[in-house]
Amino acid sequence: MNIVVCVKQVPDTATERKLRSDDKTLDRDAADGVINELCEYAVEEALRLKEAHGGEVTVLTMGPDKATDTIRKALAMGADKAVHLVDPALHGSDALSTSYALAQTLKKIGFDLVILGSESTDARTGMLAAMLAERLGTPQLTLANKVEISGAGITVQRVTDYGFDKVEASLPAIVSVVEKINEPRYPSFKGIMAAKKKQVQTFGIADAEIDAAQVGVANAWSEVADFAVAPPRAAGTVVKDEGDGGVKTADYLASKKFI
Amino acid sequence: MDFQLTDEQRDIRDTARAFVTRELLPLEEDFLRSGAARLPREQERSLQAKARKFGFWGMSAPERYGGMALPALTQSLIHIEVARTCVPFRFGGEADNILYGADAAQQEEYLLPTIEGRRLGCFALTEPGAGSDAAAIRTSARRDGADWVINGQKTFISNGDDADYAIVIAVTDRDARHGSTAFLVDRDAGWTSTPIPTMGSWHQPATLFFDQVRVPAGKVLGDVGAGFDLAKRWIGKGRHVISAHCVGIAERCLRMAVDYANLRETFGRKIGANQAVQWMIADSETELEAARWLALRAAWDVDRGADARHSVAMAKLFCCQMVGRVVDRALQIHGGMGYSKELPLEGWYRAVRAMRIFEGTDEIQRLILSRDLLRGFTRIGGHLA
Ligand SMILES: Cc1cc2nc3c(=O)[nH]c(=O)nc-3n(C[C@H](O)[C@H](O)[C@H](O)COP(=O)(O)OP(=O)(O)OC[C@H]3O[C@@H](n4cnc5c(N)ncnc54)[C@H](O)[C@@H]3O)c2cc1C
């Protein structure tokens, strides 16, 4: 089975994250880049499926040069090889154009199963899996906390507000995972040493037949109109319960248009 | 000159960091509340077993004992990470360096079980009358037929109350220059111990009593008369690690101080808006950074096979003092909270004080440094001058 895991490098949540003042995109140089946490679960799941069913795990990353750190981490965990989609034209792509660029690349490299984290800690749109499925014409099985493969079929347990759904589909398919699915392994010493020798293929937009007019900050469908630093938290309102606490609370929430 | 870590060093550090973040930091609150000096042994061993699965095992141990014999610099990077938490933890698979000098039978009986965590040893050199001046030890081992009979007292011995065997340096020939010998002495052979309550909760040392303790000739570690040589050859090998430890603790304390300075408000503004607090933070970072390079440089000297005693002494002297100052400032910035047992600061404040005493006091490090310079053994500025 040919499994592709899409991983993303995100700014370390422990450091301060900033937007650039010129084009209002994320300032990826300002913070340390780390692998998006949910992507680690995706890599782990891919490795477990490979261990159970055989095959190969390819890591796919779209990101600037320094995203090689994240690729190396996934390879050190045990993935077999990687594809790094990197091109200045891709800078500032929004979710929609990212899904286009990744879909084009996935068509090139081929897959039986694509696994993603359900969202990234920086943009948090959580839409990529669905967009990829649509573009590739494959089933989408999102928010999985359990994945099973049998023959050409795939079954996942999809987390919902009321419990879970059991969703079945046939391969090839796109799966996004939540953190309850597993406990990601640590890269081992051996893995870290071996990662250096694994193949990392670099794709530019031409290699993946990506149309430059559909990607990048200039062609994004969404735009950051403006941004400001969050104002410091103001003092809260204390409701003193003198028998009418419920009413006062409700009045307050209504005044803020919460109810 | 390139001040970057290699990719490999960074990846190893990141794995150690992830382990500390995921496995140890979440234990901190309960650990502090428990007031315990260490994790329960079972818990520590299961954490070590978990780390072993991804190869963090026997960092300093030679490969033929299942270890990785990692470069000193890589080990230092890992120690910096582990020192960030007040939960005492070390990756498993290691033994006192001196045990690598054991013969085949002793390795079977002491080294291997120690590496596997089934036995716990301690290293006993210091005595009530001999600390810095180790040559003044009085504990004696007297030949009696095929056996040796040991008499005397050892004190301030780390793990001394828990250990099931001790590596004891004793005088075997009072008149000879090389008159001391190392022995492997099981607790079953009859020595006893009492813990010494100390200022910090780490390293809980103990006093060891030897009263006519009889051991067979096979318990001599190395050669008769080679006790000090053995001790010197092996012990200094791990000393750079202490400096790394200081760096890790200081880094965490400074992080806490910065966060708190940005959070705590007095007189209508963040305490970090006051120059008094800013300067404490600036001084701490500068000293921490200097300490980091001294620590890593000492490790680098070890790795390139140079005589590292001088740079290790410099690193230990500076790092152990630095961490005391940084913890002190971090505690000050936290005010009353810093003094409370809810945070690790007060514990570190007490614990790090020991670092200026064991493995050679500040003064002994200075003695080494000045002697090297005054006698022309080293050049000012070392390899860069
Ligand atoms: C927590 C802890 C754990 C320890 N663990 C171990 C262990 O596992 N095994 C072990 O064998 N020992 C251990 N020790 C002992 C430690 O190595 C000694 O305490 C240390 O070597 C100092 O010896 P001392 O305490 O006898 O002080 P002393 O040697 O008596 O020194 C007293 C003071 O005089 C200074 N001084 C001494 N000589 C000179 C000089 N020539 N010039 C200037 N100043 C000098 C010293 O620096 C110090 O300030 C431990 C100690 C502590 C506190």
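A quick note: this is a predicted structure, and the numbers were derived from the prediction, not measured. (Residues numbered from 1 in each chain as written. Chains lettered and ligands numbered in written order. Predicted model: local features only at pLDDT ≥ 70, side-chain atom pairs only at ≥ 80, totals over all residues.)

### A closer look at the interface of chain B and chain A
Inference 1: Of the residues lining the interface, 10 residues belong to chain B; the matching set on chain A comes to 10 residues.
Inference 2: Looking at side-chain class alone, the side of chain B that touches chain A contains 5 nonpolar, 2 polar and 3 charged residues. (Contact = placed C-beta atoms within 7 Å. Nonpolar A, V, L, I, M, F, W, Y, C, P; charged D, E, K, R; others polar.)

### What to know about the domain arrangement of chain B
Inference 1: The assigned domain composition of chain B is domain 1 (7–94), domain 2 (120–225) and domain 3 (239–384).
Inference 2: On a C-alpha basis, the centroid separation for the pair domain 1 of chain B and domain 2 of chain B is 29 Å. (Domains from an automatic or database assignment.)

### Examining the pairing of strand S7 (residues 140–150) of chain A
A regular strand places its side chains on the two faces of the sheet in alternate fashion.
Residue and element names in this part refer to chain A.
Inference 1: Relative to strand S10 (residues 173–177), S7 runs parallel, the two sharing 3 bridges. Bridging from a neighbouring strand, Gln 140 pairs with Ile 174 of S10.
Inference 2: As judged from the 6 bridges shared by S7 and strand S8 (residues 153–160), these two strands associate in the antiparallel manner. What sits directly across from Glu 148, in S8, is Thr 155.
Inference 3: Hairpin geometry of S7 and S8 is characterised by an intervening segment of 2 residues between the two adjacent antiparallel strands and by a positive phi of about 60° at Gly 151. (Pairing = 2+ DSSP bridges. Helix = DSSP H or I, 4+ residues; strand = E, 2+ residues; numbered from the N terminus.)

### Description of unusual backbone geometry
Inference 1: For the peptide bond that leads from Leu 171 of chain A to Pro 172 of chain A, omega is -5°, which places it in the cis range.
Inference 2: As for its placement among the helices and strands, Pro 172 of chain A is situated in the loop between strand S9 (163–170) and S10.
Inference 3: Look at Asn 159 of chain B: it is not a glycine, yet its phi comes out positive at around 65°.
Inference 4: Tracing the backbone through its elements, the reader meets Asn 159 of chain B in the loop between strand S3 (147–158) and strand S4 (165–171).
Inference 5: For Asn 159 of chain B, a count of 17 C-beta atoms within 10 Å corresponds to the partly exposed category. (Buried ≥ 20, exposed ≤ 12 C-beta atoms within 10 Å, placed from the backbone.)

### Focus: the sheet that holds strand S11 (residues 200–203) of chain A
Residues and elements named next belong to chain A.
Inference 1: What the 9 strands build is an open sheet, ordered S9-S8-S7-S10-S6-S1-S4-S5-S11; its pairing is mixed. Looking at strand neighbours, the two that pair on one side only are S9 and S11, the edges of this open sheet. Taken over all neighbouring pairs, the strand axes of this sheet differ in orientation by 30° on average, direction set aside.
Inference 2: Direction of pairing for strand S6 (residues 113–117) relative to S10: parallel, over a ladder of 5 bridges. Counterpart to Ile 115 in the pairing with S10 is Val 175.
Inference 3: Across the sheet, helix H3 (residues 95–109) lies against strand S1 (2–6), strand S4 (56–62), strand S5 (81–85), S6 and S11, angled at about 145° from S4, the strand it touches most. (Axes fitted to C-alpha atoms, helices over the stretch in contact; angles between N-to-C directions.)

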